[in-house]
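Geometric and topological summary
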Amino acid sequence: MAKKKKTFYISTPIYYSSGSLHIGHCYTTVACDAVARFKRMDGYDVYYLTGTDEHGQKVQEAAKERGLTPQDFVAGLADNVQALWKRLDISNDGFIRTTDPDHEKAVADIFTKLYEKGDIYKSVYEGKYCKPCESFWTEGQLVDGKCPDCGREVTDSQEECYFFRLSKYSDRIRKLLTETDFLQPDSRVKEMVNNFIDKGLSDLAVTRTSFDWGIKVPFDPKHVIYVWIDALPNYVTALGYGGKDKTKFDKYWPCDMHMMAKEIVRFHSIVWPAILMALDLPLPKRVYGHGWIMFDGDKMSKSKGNVVDPFILTDRYGVDALRYYLLRSVPFGDDSNYTNELLLTTINTELVNDLGNLVRRTLSMSEQYFGGKVTKPKTLDDKDKYFAEAIDGMLDSVRADIDKPLLSKALETIFGVIDMSNKYIDLNKPWELKKTGDTARLEVVMYNLLESIRVCANLLLPFITNYPRRIFDGLGLPVPADFASCKHGVVNSYTTKVIEPILNRLDIKKELEELDKIADDINGKKKEVKKEDKHNNDDAPVKEISIDEFFATDLRVVDIISCEKVERANKLLKLQVFDGERMRTIVSGIAKAYTPDELVGKKAVLVANLKPAKLCGIVSEGMLLCSTVDGLPRLITPVGNAGEKVC
Ligand code: ME8
């Protein structure tokens, strides 16, 4: 009987549906992706879960501001989030939305169960409320009278609420945090114990009556189940807990690693285990709270508006560059400041210079000296032993770092070998060996270099998803699905070819100017107050309009990111387009003229300030301009960057 694979379950937080995601969110999601991809290649049966947190007052308000129902608003955002993960090559196995009917039902059942058990009770809440965080705080928890999570003002508030008996689990939680390695890194344990457990855990208000966009308490529907009791159980409901089919739950629970940033560690390391204890369910094995990506010393966040847009960065520098930067430049666990300069320097130094040059030099020398055909020499020189040993040592070292997870350190190990290989070229000077006719040594040197590139590319596959594949193409080998051949000397012969570079060297000064310009454009656009109603009641079929009237139409260049058919509508395609600021869902009547695949990557002109309209149940946030050719609508295709005005 085939041996059953060990399972590995990893999750990101489910992100709020109240605006576009930024590179802070990408950071957690890419980090989990690297771990998930590594574990899959390392023989585990992996379940990688991410999703969206779609209920709550903020979402309801954001929808209202845009004139949409909460349902339509969150549907559009969930599409955008999934388009972003597609763009970043995220290999998630599940995507949960808290508005999924199965999740809603399971949460309502969990609530009832906890109520019947006496772990949830009704009372009146009097306390300090932070609206942006949707959190109630006690006086003792405030920092300088402000919200301890976000530092903003809180207001006195009183409300009839249901409470979760968190205090009852205080001793068990203390033990969990202090006597096991449940919470990592260790610094977070101190924060939790000092700031929360030592101060005394209060029971947690878990319903609200001040808004209604959420799951209703089944036996008291004027109460809506408030954010954390709705959100945290996603980690089990996504596996079928509380539903008919619990196969996945039985297989993958308990979770091996819940990953998040430090501001929500409290909910994951105190509230979530207490809920699971109350439900008599096994606890997750590990909660990991990484640091923040800061922007000019401030936490990058949607509400502060200092976000860096991942679509813009990947448009310009590719997915590998952003993934690599996030995984390499941020020591995992610590905070780190994002700057465009650091991103561009990292790309130039490590990807273009170190990795790109090693691959380019080696493949072109292989081509030049051996017509691309390199075979394993009969004997390898003893003086290269250190080289082979360093290559062989990588897998175990990277594996140990992935388990911690120290992702930046794992990449440091691989790039250590890349650096060693570049130095090996300089030391052995293959061009001189060629000149002096020392073919035997030249063969050894070239073979060693190709083996180094092969093993490095194999180990890089979980981290950056495109270039390592291209390297295997250059080596004339299939892309490996595991780490079985991550050793020096395993491949006997190579038929290599020269490949496209990972990226051309960036002109940092020019790029910085470009990125500043884009940021100015976006900020300028956000400030612009448009929406002047220029409608005219004149029925005349053709009417002259003034230049002002024309300019009331906001025409912009957009990039088409993804596209699919609309079910039961022959003419319609549903597109995700990037407008320079955010993703939008557009429903367009062009299905007769295009297949979805041929549109991805194209540019189009969007009427960006058109009132959203519902087509076949999907809200379309604008219209794409077409002309008619042979009776079929053809998109007008502009040049320019997404967000550029068309006039
Ligand atoms: O908190 N640096 O959702 P959220 C690093 N819905 N990571 C960052 C970051 C930054 N500047 N900004 C965001 C919520 N993140 C809840 C979670 S889970 C049951 C419910 C990442 O949209 C990081 O993982 O505010 C952080 O914890 C998460 O996004 C917060 O996402």
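Residues numbered from 1 in each chain as written. Predicted model: local features only at pLDDT ≥ 70, side-chain atom pairs only at ≥ 80, totals over all residues. Heavy atoms only, no water.

**Some thoughts on the overall build of the protein chain**
Heads up, the condition is: In this description a helix means any DSSP run of H or I spanning at least four residues, a strand means any run of E spanning at least two, and both kinds are numbered starting from the N terminus. Restricting the calculation to C-alpha atoms gives the radius of gyration, and the globule rule supplies 2.2 Å times the number of residues raised to the power 0.38. When checking whether two residues touch, look at their non-hydrogen atoms; a contact exists if any pair is within 4.5 Å. Using the Shrake-Rupley algorithm and a 1.4 Å probe, accessible areas are obtained, with residue cover drawn only from the displayed protein chains. Here the positive residues are Lys and Arg and the negative ones are Asp and Glu; neither His nor the chain ends is included. A charged residue contributes its charge at one atom only: NZ of Lys, CZ of Arg, CG of Asp or CD of Glu.
Within the protein chain, the regular secondary structure consists of 21 helices and 27 strands. Relative to a compact globule of 647 residues, whose C-alpha radius of gyration would be 26 Å, the protein chain shows 28 Å and is just as compact. Taken along the three principal axes of its C-alpha coordinates, the protein chain extends 85 × 75 × 55 Å. Long-range contacts, defined as pairs at least 24 residues apart, comprise 75% of the intrachain contacts of the protein chain with a sequence gap of at least 6. As displayed, the protein chain has an accessible area near 29,100 Å², and 50% of this comes from carbon and sulfur atoms. Computed over 91 positive and 96 negative side-chain charges, the separation of the two mean positions in the protein chain equals 3 Å.

**Thoughts on the side chain of Lys128**
Let me state the cut-off plainly: A 1.4 Å probe rolled over the protein chains alone gives each residue an accessible area, and that area as a share of the maximum for its type sets the label: buried under 20%, exposed over 50%, partly exposed in between. Polar contacts, as used here, are pairs of N or O atoms within 3.5 Å; protein pairs need one atom able to donate a hydrogen and one able to accept it. Residues neighboring in sequence count only if both atoms are side-chain atoms.
Among the structural elements, Lys128 can be located in strand β4 (residues 120-130). Overall, Lys128 belongs to the buried group, its relative accessible area being 16%. Here the side chain of Lys128 touches Asp156 through a polar contact of 2.5 Å, side chain to side chain. When neighbours within four sequence positions are excluded, Lys128 is seen to be in contact with Ser135, Phe136, Trp137, Glu139, Leu142, Val154, Thr155 and Asp156.

**Let's talk about empty space enclosed by the protein**
Going by this rule: Note on definitions: the grid is 1 Å and covers protein atoms alone; a cavity is a set of points where a 1.4 Å probe fits but cannot get out; a pocket is an open set with protein on both sides within 12 Å along at least five of seven lines; lining residues have an atom within 4 Å of a point. Grid points are joined across faces, edges and corners, and a volume is the space filled by probe spheres set on the points. Residue type decides the class: Asp, Glu, Lys and Arg count as charged, Ala, Val, Leu, Ile, Met, Phe, Trp, Tyr, Cys and Pro as nonpolar, and the leftover types, Gly among them, as polar.
Scanning the model with the defined rule gives 1 cavity of 30 Å³ or more in all. Approximately 110 Å³ is the volume found for the largest cavity. Looking at the largest cavity, the residues that line it are Gly19, Ser20, Leu21, Leu77, Asn80, Val81, Leu84, Asp309, Phe311, Phe578, Arg582 and Met583. At 4 residues, the largest contribution of residues to the lining of the largest cavity is made by helix α3 (residues 70-87). Split into classes, the residues belonging to the lining of the largest cavity amount to 7 nonpolar, 3 polar and 2 charged.

**Concerning the packing of aromatic side chains**
To keep things clear, this is the line we draw: Ring geometry is summarised as follows: Phe, Tyr and Trp rings, the Trp one being its six-membered ring, pair when their centres sit within 6.5 Å, and such pairs are stacked at plane angles under 30 degrees, edge-to-face over 60 and tilted between the two. Only lysine NZ and arginine CZ atoms are considered, and such an atom sits over a ring when it is within 6 Å of the ring centre and within 35 degrees of the ring normal.
Evaluated as defined, the whole model comprises 25 aromatic pairs. On the basis of an interplanar angle of 80 degrees and a centroid distance of 5.8 Å, the ring pair of Tyr162 and Phe219 is categorised as edge-to-face. Here Phe219 lies in the loop between β10 (215-216) and β11 (224-225) and Tyr162 lies in strand β6 (residues 155-164), a separation of 57 residues in the sequence. Measuring from ring centre to ring centre gives 6.1 Å for Tyr386 and Phe387, while their planes differ by 80 degrees; the resulting arrangement is edge-to-face. Clustering of aromatic rings is evident, with ring pairs tying together Tyr9, Tyr47, Tyr235, Tyr241, Phe249, Tyr252, Trp253 and Trp272. Just above the ring of Tyr16 sits the side chain of Lys58; from NZ or CZ to the centre is 4.9 Å.

**Section: the pattern of salt bridges**
Put simply, the rule reads: Here, a salt bridge means any side-chain nitrogen of Lys or Arg that lies within 4 Å of a carboxyl oxygen of Asp or Glu.
Counting across every chain of the model gives 40 salt bridges. A salt bridge links Asp109 to Lys105; the shortest N-O distance between them is 2.8 Å. With Asp109 and Lys105 both in helix α4 (residues 101-117), this residue pair falls 4 residues apart, about one helical turn. By relative accessible area, Asp109 is classed as partly exposed at 36%. With a closest N to O distance of 3.0 Å, Lys222 and Glu160 form a salt bridge. Linking Lys222 in the loop between β10 and β11 with Glu160 in strand β6, this pair joins segments that are 62 residues apart in sequence.

**As for helix α5 (residues 170-179)**
Which entries qualify depends on this criterion: Arc definition: it is the arc formed by the directions from the helix axis to the C-beta atoms.
Those residues of α5 lying buried are Ser170, Ile173, Leu176 and Leu177. Looking straight down α5, one finds its buried side chains confined to an arc of 125 degrees; they lie on one side. Opposite the buried face of α5, by more than 90 degrees, sit the exposed residues Asp171, Lys175 and Glu179. If you follow the buried residues of α5, they end up packed against β7 (183-184), α6 (186-197) and α10 (265-278).

**Remarks on the nonpolar core**
Convention followed: Buried Ala, Val, Leu, Ile, Met, Phe, Trp, Tyr and Cys residues that are joined via side-chain atoms within 4.5 Å together make up what is termed a nonpolar core.
Among the nonpolar cores identified, the biggest contains 107 residues, and Trp85, Leu355, Ile414 and Phe463 are the most heavily contacted of them. Setting aside residues no more than four positions away along its own chain, Leu355 makes contact with Glu350, Phe415, Ile418, Leu460, Ile464, Tyr467 and Ile471. Core analysis: the next-biggest nonpolar cluster, separate from the first, contains 67 residues, Leu49, Phe182, Met192 and Leu239 among them.

**Examining the sheet that holds β4**
Rules: One bridge is not enough; two strands pair if DSSP finds at least two bridges between them.
Ordered by their spatial adjacency, 4 strands build an open sheet running β5-β4-β6-β8, and the pairing between neighbours is antiparallel. The open sheet has two edge strands with one neighbour each: β5 (135-137) and β8 (204-205). When β4 meets β6, the two strands line up antiparallel, connected through 10 bridges. Residue pairing across strands places Lys128 opposite Asp156, the latter belonging to β6.

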